[in-house]
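# Coordinate analysis (summary)
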Amino acid sequence: MSLAMKLKCLSLLFVGIITAANGENCGGLVQGTNGSIESPGFPHGYPNYANCTWIIITGERNRIQLSFHTFALEEDFDILSVFDGQPLQGNLKMRLTGFQLPSSIVSTGSILSLWFTTDFAVSAQGFKAIYEGRKCTYLQCI
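A quick note: this is a predicted structure, and the numbers were derived from the prediction, not measured. (Residues numbered from 1 in each chain as written. Predicted model: local features only at pLDDT ≥ 70, side-chain atom pairs only at ≥ 80, totals over all residues. Heavy atoms only, no water.)

## With respect to the state of the cysteines
Per the counting criterion, the structure on display carries one disulfide. With a sulfur-sulfur separation of 2.0 Å, C26 is cross-linked through a disulfide to C52. Torsion about the S-S bond of the C26 and C52 cystine: about -90°, corresponding to left-handed handedness. Of this pair, C26 sits in the loop between β2 (24-25) and β3 (28-31) while C52 sits in strand β5 (residues 51-57), placing them 26 residues apart in sequence. In this structure, C26 and C52 share a single accessibility class: buried. (Disulfide = S-S within 2.5 Å. Helix = DSSP H or I, 4+ residues; strand = E, 2+ residues; numbered from the N terminus. Buried < 20%, exposed > 50% of the residue type's maximum accessible area, 1.4 Å probe, protein only.)

Dropping the structure here:
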């Protein structure tokens, strides 16, 4: 499937995915070879009832490396789910929570999705993640 077709499918998927957390917009379609993503309110703490989805898309034949600069979520109740591809249950790569800085994550393709949800009480600083597209051939990524 071409990148243009993927973008068209994802834009349809996005209707209703991006929600506000206590009046703060969060989530969205993120395109480009590198950048950063922060939880709403970072570094001063995220709101309760947050429900944010980011979909990172890099160019064809790229993988995405996601590295965390800061990570502090209420253990077991506030969760960052990472999906290798679109945010579908079968693509779930890992669920992150707590205060330990996660290891870097590398996608298998050119799409990586993050879904951040919080409960009704107690928040922490949040997270800041840096993503970078890695150009890949059949043998290696650079």
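Next comes the rest of the description.
## Re the packing of aromatic side chains
A complete count under the given rule lists four aromatic pairs for this structure. Judged by centre distance (5.8 Å) and plane angle (80°), the rings of W54 and F127 are edge-to-face. Of this pair, W54 sits in strand β5 while F127 is found in strand β11 (residues 126-135), placing the two residues 73 residues apart along the sequence. The same class applies to W54 as to F127, namely buried. With 5.5 Å between their ring centres and 85° between their planes, F68 and F71 make a pair best called edge-to-face. (Phe/Tyr/Trp six-rings, centres within 6.5 Å; stacked < 30°, edge-to-face > 60°.)

## Observations concerning the environment of C26
On the accessibility criterion, C26 (5% relative accessible area) is buried. For the pair formed by C26 and E38, sequence separation is 12 residues and the distance between their alpha carbons is 9.0 Å.

## Quick word on the nonpolar core
Grouped together as the largest cluster of nonpolar side chains are 25 residues, with contacts concentrated most on I37, W54, L66, F68, L80, F116 and F127. For this core, the secondary structure elements donating two or more residues are β5, β6 (62-72), β7 (79-83), β10 (111-117) and β11. A total of five residues in this core trace back to one element, the largest contributor, which is β6. When near neighbours in sequence (up to four residues on either side) are disregarded, L80 contacts F68, F71, L73, M94, R95, L96, L114, W115, F116 and F127. (Core = buried A, V, L, I, M, F, W, Y, C linked by side-chain atoms within 4.5 Å. Contact = heavy atoms within 4.5 Å.)

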